[in-house]
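# Examining the three-dimensional arrangement
Next come the chains, spelled out residue by residue.
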Amino acid sequence: IIGRNDLPVPKNTISRSQCQIQVSADGTAKVMSCGKPETGYASGGRPWEFLRCYESRQLQNGDLISLDKNDLESAMFTCYVS
């Protein structure tokens, strides 16, 4: 679970539990939004999508997740496959 307390400077506009990263036994991963504000998601250089609560997307190497829809780069995480 990733949320406001995982940022260098927590923001009250981000939920404490903004999204979940789930990895299955076969190594595939997905992000599921679980906060009140939407969670940003970008894959393969495409424009940002915004996930509402309980919406999810499968993650690939290099995908971006942002906890703050209004300031994407201030709360952005990059997904890496290792």
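Residues numbered from 1 in each chain as written. Predicted model: local features only at pLDDT ≥ 70, side-chain atom pairs only at ≥ 80, totals over all residues. Heavy atoms only, no water.

Before going further, it helps to spend a moment on the pattern of salt bridges. Any two side chains of opposite charge can pair, given that their charged atoms come close. Per the counting criterion, the structure on display carries five salt bridges. Of the charged contacts, one joins Glu38 and Arg52 as a salt bridge, the two residues approaching to 3.8 Å between their closest N and O atoms. Of this pair, Glu38 sits in the loop between β2 (29-33) and β3 (39-42) while Arg52 sits in the loop between β4 (49-51) and β5 (56-59), and the two are 14 residues apart along the sequence. Of the charged contacts in the structure, one is a salt bridge between Glu38 and Lys69, with a shortest N-O distance of 2.5 Å. Placement of the pair is Glu38 in the loop between β2 and β3 and Lys69 in the loop between β6 (64-66) and β7 (76-78), with a sequence separation of 31 residues. Relative accessible area serves as the criterion here: at 39%, Lys69 is assigned to the partly exposed category. Here the salt bridges do not stand alone but share partners, grouping Lys11, Asp68 and Asp71 into one network. (Salt bridge = Lys/Arg side-chain N within 4 Å of Asp/Glu carboxyl O. Helix = DSSP H or I, 4+ residues; strand = E, 2+ residues; numbered from the N terminus. Buried < 20%, exposed > 50% of the residue type's maximum accessible area, 1.4 Å probe, protein only.)

With that out of the way, let us pick up the nonpolar core. As a rule of thumb, soluble globular proteins bury nonpolar side chains together. Core analysis: the biggest nonpolar cluster contains 13 residues, and Cys19, Val31, Leu59, Ile65 and Leu67 have the highest contact counts within it. The contact partners of Leu59, leaving out residues within four places of it in the chain, are Ile21, Ala29, Lys30, Val31, Tyr41, Ile65 and Cys79. (Core = buried A, V, L, I, M, F, W, Y, C linked by side-chain atoms within 4.5 Å. Contact = heavy atoms within 4.5 Å.)

The next subject is the sheet that holds β2. With respect to topology, three strands assemble into an open sheet ordered β1-β2-β5, the strand pairing being antiparallel. The sheet is open, and its two edges are formed by β1 (19-23) and β5, each paired on a single side. Across the sheet, the mean angle separating the axes of adjacent strands is 25 degrees when strand polarity is ignored. Here β1 pairs with β2 via five bridges, running antiparallel. Considered in β2, the bridge of Val23 is made with Ala29. (Pairing = 2+ DSSP bridges. Axes fitted to C-alpha atoms, helices over the stretch in contact; angles between N-to-C directions.)

Here we take up the side chain of Ser33. Its location among the elements puts Ser33 in strand β2. A residue is classified by how much of its surface remains accessible, and Ser33, at 0% relative accessible area, is buried. With sequence-adjacent residues up to four places away left out, Ser33 is seen in contact with Gln18, Cys19, Thr39, Leu51, Arg52, Cys53, Tyr54 and Glu55.

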